[in-house]
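Architecture at a glance
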Amino acid sequence: MNQSFRWDAVGDAFPLLLEGFRVTLLATVLGTLVAAVLGLAVAVAGRAPSRFVTVPVKALTEFVRSTPLLVQLVGAAAVFSSVEPLTIGIIVLGVHYAAYTSEVYRAGIDGVPKGQWEACRALSMSPRRTWQAVILPQAVRNVLPALGNYAISMFKETPFLAVITVQEMVFEARKYGADHFVYTEVFTLAGLVFLVASYPTSLLMRKLEKRLGH
């Protein structure tokens, strides 16, 4: 038997979903920071002159890319069972997306004109100074829109954290639905919150990409 849409359930569940959204947002922001920093480190390490550095880095990166995020979450939670689930979720999200942001950084670094490298060598700049003052500022500026898009993707994949009992928004929606036998309303509300949060951000990333493209 079809039931009418229960608006009272929407109002009742909204505060709980907002609390879950706070966890979702926290996981996304911190996970993005981990992915941005670690991805940059992986991209730079991938250009190291020693194969003892590049080979393990490449192998680990390919392993992360070749395994599902869900499997990584469950595996990490099983191995580090004494660690808080939210902490595990943030780190796994960050490591997972670092494997992809590293390629974005690599493309940004490769996009820096060779003349910039040659000019640094002509000025006898140290490798560290070359990276910090010349190469990375240009590379990071060029890849900001792509990094933003990965942040949006991470935000939309935070519901996977529910499998390791992180009480993010979809976890709260499912819990409320199970307690009150109301699913359509709460999951519709959760979907709308995701839409309202992610769509304006995606438009901002497009605008930034066009601006940096000029």
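The next point concerns the side chain of threonine 28. Locating threonine 28 in the fold gives a position in helix H1 (residues 7-45). Here threonine 28 is in contact with Ala151, Met154, Phe155 and Thr158, once residues within four sequence places are set aside.

What follows deals with the layout of surface pockets. If you add up the space inside the largest pocket, you get close to 330 Å³. Around the largest pocket, the lining is made up of 17 residues, and of these Leu38, Val64, Ile91, Val92 and Val95 lie nearest the centre. Secondary structure elements with two or more residues in the lining of the largest pocket: H1, helix H2 (51-66), helix H3 (69-79) and helix H4 (85-110). The leading source of residues in the lining of the largest pocket is H4, at seven residues. For the lining of the largest pocket, the residue count by class is 14 nonpolar, three polar and no charged. Taken as a whole, the second largest pocket holds about 230 Å³ of empty space. As for the second largest pocket, its lining consists of 14 residues, and the residues nearest its centre are Val42, Gly46, Val57, Lys58 and Glu103. Every element with two or more residues in the lining of the second largest pocket is listed here: H1, H2 and H4.

Our focus in this paragraph is the confidence of the model for the protein chain. Counting all residues, the mean pLDDT for the protein chain is 89, and 97% of those residues have values of 70 or more. Here helix H5 (residues 114-122) is the element of the protein chain with the lowest mean pLDDT, 83, and H3 is the one with the highest, 95.

This part is about the side chain of threonine 24. Inspection of the secondary structure assignment puts threonine 24 in helix H1. Residue threonine 24 is classed as buried on the basis of its relative accessible area of 0%. Apart from the residues lying within four places of it in its own chain, the contact partners of threonine 24 are Phe155, Thr158, Glu168, Met169 and Phe194.

Definitions and cut-offs
- Residues numbered from 1 in each chain as written.
- Predicted model: local features only at pLDDT ≥ 70, side-chain atom pairs only at ≥ 80, totals over all residues.
- Heavy atoms only, no water.
- Helix = DSSP H or I, 4+ residues; strand = E, 2+ residues; numbered from the N terminus.
- Contact = heavy atoms within 4.5 Å.
- 1 Å grid on protein atoms, 1.4 Å probe; cavity = no way out; pocket = protein on both sides within 12 Å on 5 of 7 lines; lining within 4 Å.
- Points joined across faces, edges and corners; volume = space filled by probe spheres on them.
- Nonpolar A, V, L, I, M, F, W, Y, C, P; charged D, E, K, R; others polar.
- pLDDT = per-residue confidence, 0-100.
- Buried < 20%, exposed > 50% of the residue type's maximum accessible area, 1.4 Å probe, protein only.

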